[in-house]
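Breakdown of the fold
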Amino acid sequence: MRRRPRTAAAVLLGLLLTLIAASPALAAGYRYWSFWDGAGGTWAYATQGPSTARPADGTVYGFRFSVSKDAAAEAARPRAAADFEAVCAGTPAADGKKRVAVVLDFGVPEDAPGGERPPQDAPRTACAQVAPEATAAEALASVAKPLRYNGAALLCGISGYPRTGCGEPIADPEPGAAAPSASASASASASASASGSASAPAGSGGPSAGLVAGIAAVVAVAAAGVWQSRRRGR
């Protein structure tokens, strides 16, 4: 009778290993548009998505397309300075409007989806002049149409780039993917961060909820079996 707890423990270990082996491999990175706040002249991964962020006059926002980790410390930043004056100096202030500097970095050819390439090599800048209550997404739409979103309100394409795809996981980052910089993604998160943002692609790595729930259930069942075995052995 004393062997039963050991047997139950062995069964538990086997089931755990089976669940872990059956789980999908974690993505090393994602191909997506990340969203950046340029407050203070320094890019920081945005803490909310462009559809909820409501910038004040004088704000700088950046968008970068790349293959990156869905994490603040590992996402690729825009390659242009977060400089409001440089972008909006030629756009005078107007009553009933606010100015938002927008930096668009389409990334490098190595990060482009198959059959596509960035529409331009250098980052593009534009000064959006929008209503005081406008969101960052509305400011972006005023200077960079067409925009493309998926069903989860994740920003997938800016100025028509890329034509397809949206935050797809990449098993191994492609050559040329930007080196780790200092959001979230996010984020993202995904940005995360997804919640209507460009920050985070859907799925940000880590064990899935189903896997965690499965392991928890196995642990509970096995623990009950061990307890019952011990009672019978007394």
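Here the residue index of a chain counts from 1 through its sequence in written order. Where totals are concerned, whole chains, interfaces and linings use all residues; where local detail is concerned, this predicted model gives features only for residues with pLDDT of at least 70, and gives and counts side-chain atom pairs only at 80 or more. The basis for the side-chain values is all heavy atoms of the structure; hydrogens and waters are excluded.

Ranked by internal contacts, the top residues of the largest apolar core, which has 22 residues, are F63, L104, L140 and I158. The way it works is that DSSP assigns letters per residue, a run of H or I at least four long becomes a helix, a run of E at least two long becomes a strand, and they are numbered from the N terminus. Those elements that provide at least two residues to this core are strand 1 (29-37), strand 3 (59-68), strand 4 (98-105), strand 5 (124-130), helix 3 (136-143) and strand 7 (155-158). Excluding residues that lie within four positions of it along the chain, I158 makes contacts with W33, F63, L104, F106, L140, A144, P146 and L147. Formed by 15 residues, the second largest nonpolar core is a distinct cluster that contains A75, A80, A82 and V87. What we call a nonpolar core is a set of buried Ala, Val, Leu, Ile, Met, Phe, Trp, Tyr and Cys residues that are connected through their side-chain atoms within 4.5 Å. Residue burial is assigned from relative accessible area. The probe radius is 1.4 Å, only protein chains are included, and a residue is buried under 20% of its type maximum, exposed over 50%, and partly exposed in between. By definition in these notes, contact holds between two residues if any of their heavy atoms fall within 4.5 Å.

Further remarks concern the pairing of strand 7. Two strands pair when backbone bridges link them, and strand 6 (residues 147-149) and strand 7 are joined in this way by 3 bridges, in the antiparallel orientation. Within strand 7, the residue paired with R148 across the bridge is G157. Between any two strands, pairing holds if DSSP finds at least two bridges. Count of turn residues in the strand 6/strand 7 antiparallel hairpin: 5 residues, of which A153 carries a positive phi of about 65 degrees.

This part covers the pairing of strand 3. Extensive coverage of strand 3 is indicated by the burial of 10 of its 10 residues. A two-sided burial pattern is seen for strand 3, the buried positions comprising T59, Y61, F63, F65 and V67 on one face and V60, G62, R64, S66 and S68 on the other. Across 8 bridges, strand 1 lies against strand 3 in antiparallel orientation. If you follow W33 over to strand 3, its bridge partner there is F65. When strand 3 meets strand 4, the two strands line up parallel, connected through 6 bridges. Bridged to V60 within strand 4 is A101.

Looking now at the state of the cysteines. Pairs of cysteine sulfur atoms within 2.5 Å are what we label disulfides. Counted under the stated rule, the structure contains 2 disulfides. Sulfur-sulfur distance for the disulfide between C88 and C127 comes to 2.1 Å. Sign of the S-S torsion, about 105 degrees for the bond between C88 and C127, identifies this disulfide as right-handed. You can see C88 sitting in helix 2 (residues 84-88) and its partner C127 sitting in strand 5, a full 39 residues away along the chain. Each member of the pair C88 and C127 is classed as buried. Note that C156 is cross-linked by a disulfide to C166, the S-S spacing being 1.9 Å. Its S-S torsion of approximately -70 degrees makes the covalent link between C156 and C166 left-handed. Of the two residues, C156 sits in strand 7 while C166 sits in the loop between strand 7 and strand 8 (168-170), which places them 10 residues apart along the sequence. Classification of C166 by relative accessible area gives partly exposed; the value is 23%. Cysteine pairing for the protein chain (bonded cysteines numbered in sequence order): 1-2, 3-4.

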